[in-house]
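Okay, here's what each chain looks like letter by letter:
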Amino acid sequence: MKIVFFGTPSLAVPFLETLVDNPGIQVVAAVTQPDKPVGRRHELAPSPLKRSAQMRGIPVFEFASLKKDPSAVETLKALGADAFVVVAYGKLIPADILNIPRLGCVNVHPSLLPKYRGPSPMQWAIANGDPDTGVTIMQLDEGMDTGPILAFETIGLDDTETLTSLTKKVMATGPALLTSTLKRFAAGEITPIKQDESKATITNLLDREDGRIDWKKGVAGIERMVRAYEGWPGTWTEWNGKRLKVLSVQPTDLKADFPPGTVQVKDGRLMVEGGDGTLEILTIQPEGKAAMPASAFLAGYSEINGATLA
RNA sequence: CGCGGGGUAGAGCAGCCAGGCAGCUCGCCAGGCUCAUAACCUGGAGGUCGCGGGUUCAAAUCCCGCCCCCGCAA
């Protein structure tokens, strides 16, 4: 079976590599987002998927826009693939491309669809405190994650789950599920099942402001948010006009005695009122500084005691 | 040339603008006090002030170059 792989971030890489390593599958090309300016110097950097594909000698195509680039359809047709596989490509794929391969486009989505359609399903599952989520293999149609389902696998979430740990779980279970589903689907062994629209929920792309901590939100909700938004957009607050990244926290059994966001230093520990209780900050990163444990932070910034964070 | 903060004792910071004894909190070591402590008291060790050059009677501090860490942005 010949496939073309569409993907961009590091999440997509193990999926590509598993397909490449499968003797029954031939990855004839990879399609990814063009190099983007990145880092402090705004240097152009290739996507993680592009690096991986190039190392494995797979031809890489980068289209600025699948919709507006008229050569995209012809180029992709010429590859003669049986299916396109899409894992976090980053752009919607237009209908005239979806219809090119005989088996259509097979997509991997890290949630149990129709729950959490859109770009941030793992973050939402953690932030909402769901007991489990999963990986869904589906056919793409013109909507955003609305196509019929081919297969899914449930992934359990524990109460210390972070975006990193969940991503690892998805990368551990997803590629095998994709490969087996692809083969069974090609053999005609799977009947796609339409999604139940009444149960659909949509996640938005997170931006920096989503990471600002609302100290009225409640201790449990804030703690889950810290785990869910790890890396991007991160969780942060402001003190004296400076940004403080809050990297890890721990709920306490102390009641809320002061307004939300009020800092109290107790026994050398950094406590913040969280609306319905008190949260301890364990790891923190002041703007312009490296991450540090709260004890180290307090050694140099003791005047934060009694301040209000926003 | 995207914008900005930083590098000072093991950790976190102040000192720099306005040059003049190397400081603070914590940790560490020794001793003391206490029924007791993440408590208190006394003493102590620990420093190429990121690196190289320049100015000066004198540089952590001013000037030039370089290295490294980080926030924003993307």
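Residues numbered from 1 in each chain as written. Chains lettered and ligands numbered in written order. Predicted model: local features only at pLDDT ≥ 70, side-chain atom pairs only at ≥ 80, totals over all residues. Heavy atoms only, no water.

Attention now moves to the UniProt feature "binding site: (6S)-5,6,7,8-tetrahydrofolate" (unreviewed entry) in chain A. Per the UniProt record, "binding site: (6S)-5,6,7,8-tetrahydrofolate" (unreviewed entry) is found at Ser111, Leu112, Leu113 and Pro114. The class of Ser111 is buried, set by a relative accessible area of 0%. Filtering out sequence-adjacent residues up to four positions away, Ser111 remains in contact with Tyr116, Pro121, Thr133, Gly134, Val135 and Thr136. Here Leu113 lies in the loop between strand S7 (105-109) and helix H5 (121-127). Each residue touching Leu113, except ones within four places of it in the same chain, is listed here: Thr136, Met138, Asp145, Ile149 and Gln195. (UniProt positions renumbered as here; feature names shortened; annotations may be inferred. Buried < 20%, exposed > 50% of the residue type's maximum accessible area, 1.4 Å probe, protein only. Contact = heavy atoms within 4.5 Å. Helix = DSSP H or I, 4+ residues; strand = E, 2+ residues; numbered from the N terminus.)

Each pair of packed helices gets described by two things: the angle between the helix axes and the distance between those axes. At a minimum axis separation of 9 Å, helix H1 (residues 13-21) and helix H6 (residues 163-186) run at an interaxial angle of 40 degrees. When the axis of H1 is compared with that of H6, the two are oblique. As for how H1 packs across H6, the hand of that crossing is right-handed. Contacts between H1 and H6 pair Pro14, Phe15, Thr18 and Leu19 from the former with Val170, Met171, Gly174, Pro175, Leu178, Thr179 and Leu182 from the latter. Taken together, the residues of the contact of H1 with H6 break down into 8 nonpolar, 3 polar and no charged. (Axes fitted to C-alpha atoms, helices over the stretch in contact; angles between N-to-C directions. Parallel < 35°, antiparallel > 145°, perpendicular 65-115°, else oblique. Left-handed = near helix turned anticlockwise from the far one by under 90°. Nonpolar A, V, L, I, M, F, W, Y, C, P; charged D, E, K, R; others polar.)

In this sheet, strand S11 (residues 242-251) lies alongside strand S10 (residues 236-239) in antiparallel orientation, the contact comprising 4 bridges. Bridge assignment links Glu238 to a residue of S11, and that residue is Arg243. The loop that links S10 with its antiparallel partner S11 comprises 2 residues; one of these, Asn240, has a positive phi angle of about 55 degrees. (Pairing = 2+ DSSP bridges.)

Pairing is mixed across the open sheet formed by 7 strands, whose spatial order is S5-S2-S1-S6-S7-S8-S9. Strands with a single pairing partner mark the edges of an open sheet, and in this sheet they are strand S5 (60-62) and strand S9 (149-156). Put simply, the sheet's adjacent strands are angled 20 degrees from each other on average, direction ignored. Where strand S6 (residues 83-87) and S7 come together, 4 bridges link them in parallel fashion. Among the inter-strand pairings, Val85 is bridged to a residue of S7, identified as Val106. The sheet strands contacting helix H2 (residues 48-55) are strand S1 (2-7), strand S2 (26-32) and S5, and the helix crosses S2 at an angle near 150 degrees. Contacts between H6 and the sheet are confined to S6, S7, strand S8 (132-139) and S9, with S9 contributing the most and set at about 155 degrees to the helix.

Lining the immediate environment of RNA strand B, one finds 20 residues, of which Arg40, Arg208, Gly288, Lys289 and Ala296 sit closest. The contact atoms of RNA strand B, taken as those within 4 Å of the protein, divide so that sugar and phosphate hold 54%. Take Lys289: an N or O atom from its main chain is 2.9 Å from a sugar or linking oxygen of RNA strand B. Of all the elements in the fold, those that place two or more residues in the surface near RNA strand B are strand S3 (36-38), S11 and helix H8 (294-300). (Near = heavy atom within 4 Å. Polar contact = N/O pair within 3.5 Å; in protein donor to acceptor, adjacent residues only side chain to side chain.)

We now examine the packing of aromatic side chains. The tally for this structure, following the rule as stated, stands at 7 aromatic pairs. Here Trp239 and Phe297 contribute two aromatic rings whose centre-to-centre distance is 6.4 Å and whose plane-to-plane angle is 65 degrees, an arrangement assigned as edge-to-face. Here the residue Trp239 occupies a position in strand S10, and Phe297 occupies one in helix H8, the gap between them amounting to 58 residues. The exposure classification of Trp239 matches that of Phe297, with both residues buried. Seen in terms of ring centroids, Trp239 and Tyr301 are 6.2 Å apart; in terms of plane orientation they differ by 75 degrees. Their pairing is edge-to-face. On the criterion of sequence distance, the pair formed by Trp239 in strand S10 and Tyr301 in the segment after H8 is long-range, its members being 62 residues apart. Ring pairing ties together the aromatic residues Phe6, Phe84 and Tyr89, which thus form one cluster. (Phe/Tyr/Trp six-rings, centres within 6.5 Å; stacked < 30°, edge-to-face > 60°.)

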